[in-house]
Amino acid sequence: MQPSYTHLGGLRDIESFRRYLTERQINLPCDDKLISGATSPLAQPIDLGGIKIGNRIAAQPMEGWDGTAEGRPTELTLRRWQRFGASGAKLIWGGEAVAVRHDGRANPNQLLINKHSHDDLSRLREALVNAHRQATGSDSDLIVGLQLTHSGRYSRPNAHGRPEPKIVYHHPILDRRLGITPEYPLLSDQELKQIIEDFHNAAVIAAHAGFDFIDIKHCHGYLGHELLSAHTREGDFGGSFENRTRFLREITHAVRAANPALAMAVRFSAFDVIPFYKSEVESCGFPEPINDLLPYRWAFGANADDPLEPDLREPLKFVSLLQDLGVKLVNVSAGSPYYNPHIQRPAFYPPSDGYSSPEDPLVGVARQMRVTREIKQQFPELIVVGSAYSYLQDFLPYVAQAAIRDAWTDFVGLGRMLLAYPSLLLDVIEGRTLQRKLVCRTFSDCTTAPRAGLPSGCYPLDPHYKNSANAAQLKRIKTQSKDK
Ligand SMILES: Cc1cc2nc3c(=O)[nH]c(=O)nc-3n(C[C@H](O)[C@H](O)[C@H](O)COP(=O)(O)O)c2cc1C
Ligand code: SF4
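Residues numbered from 1 in each chain as written. Chains lettered and ligands numbered in written order. Predicted model: local features only at pLDDT ≥ 70, side-chain atom pairs only at ≥ 80, totals over all residues. Heavy atoms only, no water.

**Student:** I'd love a proper account of the site of ligand 1, names of residues and values included.
**Tutor:** If you check the shell around ligand 1, you find 21 residues, and the closest are Gln-147, Arg-267, Ser-390, Gly-415 and Arg-416. One of the side-chain nitrogen or oxygen atoms of Gln-147 is found 2.8 Å away from a nitrogen atom of ligand 1. The side chain of Ser-390 places a nitrogen or oxygen atom 2.7 Å from an oxygen atom of ligand 1. Computed on the free molecule, ligand 1 has an accessible area of 610 Å², of which 98% lies beneath the protein chains in the complex. (Near = heavy atom within 4 Å. Polar contact = N/O pair within 3.5 Å; in protein donor to acceptor, adjacent residues only side chain to side chain. Areas by Shrake-Rupley, 256 points an atom, 1.4 Å probe, with all protein chains shown as cover.)

**Student:** Mind laying out the packing of aromatic side chains, listing which residues take part and the relevant values?
**Tutor:** Enumeration over the complete set of coordinates arrives at 16 aromatic pairs. For the ring pair Tyr-296 and Trp-298, a centre distance of 5.3 Å and an interplane angle of 70 degrees mean the geometry is edge-to-face. The buried category is assigned to Tyr-296, whose relative accessible area is 5%. According to the relative accessible area criterion, Trp-298 is buried, its value standing at 16%. With centroids separated by 5.0 Å and ring planes inclined at 70 degrees, the aromatic side chains of Phe-348 and Tyr-349 adopt a geometry described as edge-to-face. For Phe-348, a relative accessible area of 22% puts it in the partly exposed group. (Phe/Tyr/Trp six-rings, centres within 6.5 Å; stacked < 30°, edge-to-face > 60°. Buried < 20%, exposed > 50% of the residue type's maximum accessible area, 1.4 Å probe, protein only.)

**Student:** Tell me what's going on with the pattern of salt bridges, and back it up with residues and numbers.
**Tutor:** One pass over the structure, following the stated rule, counts 30 salt bridges. One salt bridge connects Arg-405 with Asp-31, and the closest N-O pair in it is separated by 2.7 Å. With a gap of 374 residues between them, Arg-405 in helix H12 (residues 396-405) and Asp-31 in the loop between helix H1 (14-24) and strand E1 (46-48) connect regions that are remote in the sequence. On the basis of relative accessible area, Arg-405 is assigned to the partly exposed category, the value being 45%. When salt bridges with common partners are traced through the structure, they connect Asp-31, Arg-405 and Asp-406 into a single cluster. (Salt bridge = Lys/Arg side-chain N within 4 Å of Asp/Glu carboxyl O. Helix = DSSP H or I, 4+ residues; strand = E, 2+ residues; numbered from the N terminus.)

**Student:** How would you explain the pairing of strand E9 (residues 276-279) if you had to name every residue and give the values?
**Tutor:** Bridge count for E9 against strand E10 (residues 284-287) is four bridges, and the pairing is antiparallel. Bridge pairing links Tyr-277 to Phe-286 in E10. Taken together, E9 and the strand that follows it, E10, pair antiparallel across an intervening segment of four residues, in which Ser-283 is found at a positive phi of about 60 degrees. (Pairing = 2+ DSSP bridges.)

**Student:** Run through the nonpolar core, naming residues and quoting values.
**Tutor:** Generally speaking, soluble globular proteins have nonpolar side chains that are buried together. One finds Phe-17, Phe-268, Leu-362 and Ile-375 to be the most contacted residues of the largest nonpolar core, which totals 123 residues. Leave out the neighbours within four places in its chain, and Phe-268 touches His-218, Cys-219, Phe-300, Pro-315, Phe-318, Val-319, Val-330, Asn-331, Val-332, Ser-333, Ala-334 and Ile-375. If you look at the next biggest cluster of nonpolar residues, it comprises 14 residues, including Trp-93, Ile-143, Phe-213 and Ala-263. (Core = buried A, V, L, I, M, F, W, Y, C linked by side-chain atoms within 4.5 Å. Contact = heavy atoms within 4.5 Å.)

**Student:** Account for the site of ligand 2, naming residues and giving values.
**Tutor:** For ligand 2, the full set of nearby residues is Arg-416, Leu-419, Cys-440, Arg-441, Thr-442, Phe-443, Ser-444, Asp-445, Cys-446, Cys-458, Pro-460 and Leu-461. Of all the elements in the fold, those that place two or more residues in the shell around ligand 2 are helix H13 (416-420) and helix H15 (445-451). Looking at the shell around ligand 2 residue by residue, the classes come out as seven nonpolar, two polar and three charged. (Nonpolar A, V, L, I, M, F, W, Y, C, P; charged D, E, K, R; others polar.)

**Student:** Tell me what's going on with the packing of helix H5 (residues 189-208) against helix H8 (residues 246-258), and back it up with residues and numbers.
**Tutor:** The N-to-C vectors of H5 and H8 enclose an angle of 35 degrees; their axes lie 9 Å apart at closest approach. When the axes of H5 and H8 are compared, the crossing they make is right-handed. On H8, the residues touching Leu-192, Lys-193, Ile-195, Ile-196, Phe-199, His-200, Ala-203 and Val-204 of H5 are Phe-247, Glu-250, Ile-251, Ala-254, Val-255 and Ala-258. Residue composition of the contact of H5 with H8, by class: 11 nonpolar, one polar and two charged. (Axes fitted to C-alpha atoms, helices over the stretch in contact; angles between N-to-C directions. Left-handed = near helix turned anticlockwise from the far one by under 90°.)

**Student:** Any chance you could break down H5 for me, citing the residues and the numbers?
**Tutor:** Here H5 is 20 residues long and its end C-alpha atoms lie 29 Å apart, about the 28 Å a rise of 1.5 Å per residue gives. All buried positions along H5 are accounted for by Leu-192, Ile-195, Ile-196, Asp-198, Phe-199, His-200, Ala-202, Ala-203 and Ala-206. In this structure, the buried residues of H5 make contact with strand E6 (143-149), strand E7 (213-216), helix H6 (223-228) and H8. Residue Gly-210 follows H5 closely and has a positive phi angle near 100 degrees. (Expected span 1.5 Å × (residues − 1).)

**Student:** Any details on the side chain of Ser-269? Residues and values, ideally.
**Tutor:** Mapped onto the elements, Ser-269 comes out in strand E8 (residues 263-269). With a relative accessible area of 0%, Ser-269 lands in the buried category. Here the side chain of Ser-269 touches Gly-335 through a polar contact of 2.9 Å, landing on its backbone oxygen. For Ser-269, the contacting residues outside a window of four places in its chain are His-218, Cys-219, His-220, His-225, Phe-300, Ser-333, Ala-334 and Gly-335.

**Student:** Tell me about the pairing of E8, and name the residues and values.
**Tutor:** A large share of E8 lies buried, amounting to seven of its seven residues. On E8, burial covers both faces: Ala-263, Ala-265, Arg-267 and Ser-269 on one face and Met-264, Val-266 and Phe-268 on the other are all buried. With three bridges joining them, E7 and E8 adopt parallel strand pairing. Within the sheet, the bridge partner assigned to Ile-214 lies in E8 and is Met-264. Across five bridges, the pairing between E8 and strand E11 (residues 329-333) is parallel.

**Student:** Explain the side chain of Ser-87 to me, using residue names and the numbers behind them.
**Tutor:** Here Ser-87 lies in the loop between helix H2 (75-86) and strand E4 (91-92). A polar contact of 2.6 Å, which involves the side chain of Ser-87, links it to the backbone oxygen of Phe-84. Excluding residues within four positions of it along the chain, Ser-87 makes contact with Leu-418, Pro-422, Ser-423 and Leu-426.

Written out as structure tokens, the structure reads:
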């Protein structure tokens, strides 16, 4: 049965929100009042590991499914990067996932490293920096990274409706979902070595295009993340922790050798649970049956005997390795939007092909925050970014402010909220009245749209999308899926 939980939009004020947290025994830091100006925790600069950043707001990477077939940015892409810049976030985490090669694109409109990339990426970065300077008066304390990716199991490079998975092991549940037969080939060690080379080449381009760091993406079920759970794979990239992290180590060594000045970062899914599906009986997401799959060997950061529970032992070892490899920035995410979205992206309204949350989405927010705090406590020299705050809606600034002050994280990373209301936290710092009508309500249209082959964006709240032809098409798609 779907559990009952309150829509946060229905809680009147911060007292009601705090009361709700207490009643539900959800442990989140939360301030009573917002602080503006130089004393705001969100406005504090940070100087760690030789990296200086002007405030505690991070823009999370978010693709828009709006590049050209050749993987070049369009006007919509440019607009999104400008809005990220104008948000006031002084840490731009990669803008969006950029595929290092064509067959590793997550969709046919994903940005792609190619012969135009130097100019295209420079243009995007400059547009972002200019918008940032206009909004905040200075870019001297801004750092901008580029997220590099290979989509692995979730590659869909040529047509929206045509998955072309590149897998590193056979998964007893996810193979079935993608129609992968037992004979389907795995990426060979040699092919993985070529992909390592592709990451390296992409890093060189990013450095020349002026980016301050690259993110070697290890989250959300894509290739880097799948390799971390390749317990059942044979050869150099599977089995032991050392082998499962070889991909990361070889990329970092190659990047360091060619570009000693380029900082390195990793966004990773710090824990995982088994895949969920939409259960008609339960009317919400429900875990796949796994009785004959125990101990569970197909996840990273899940308890093998009870894979509905995180197990942080290996993820903490992974962060320790990151530190040894000279990675300076770590962005903590979780799970995957493909097989357990309520873990990764807590929402009140599911996307049209998704399931209702089987838990109060606030529990999901608190889970990611708790793990981020644990990582920050154990690795104080690393710059740590937390994720999944958007579900907090009107209460996000109160939680963000307390989380920074109480050192749960160095940065509050904003995803969906940036699509809906980019300047939310800048407005707090500058003491402006908050615009409730712009607050993301986790309607999930930014996820439903791309799954239907449309560009992503905040259709309900961003006027550019709200009034577009695609909005009418999205409405039809949502109505059809409700009628089914
Ligand atoms: C439309 C959309 C696109 C996203 N694209 C990326 C991406 O390119 N790379 C990535 O690491 N995460 C991506 N994410 C995940 C977000 O960065 C973020 O982790 C997630 O939305 C949870 O944070 P939030 O609660 O602030 O939205 C995307 C999320 C959305 C909604
Ligand atoms: S479509 Fe807009 S309101 Fe809905 S989840 Fe995405 S950003 Fe939030």
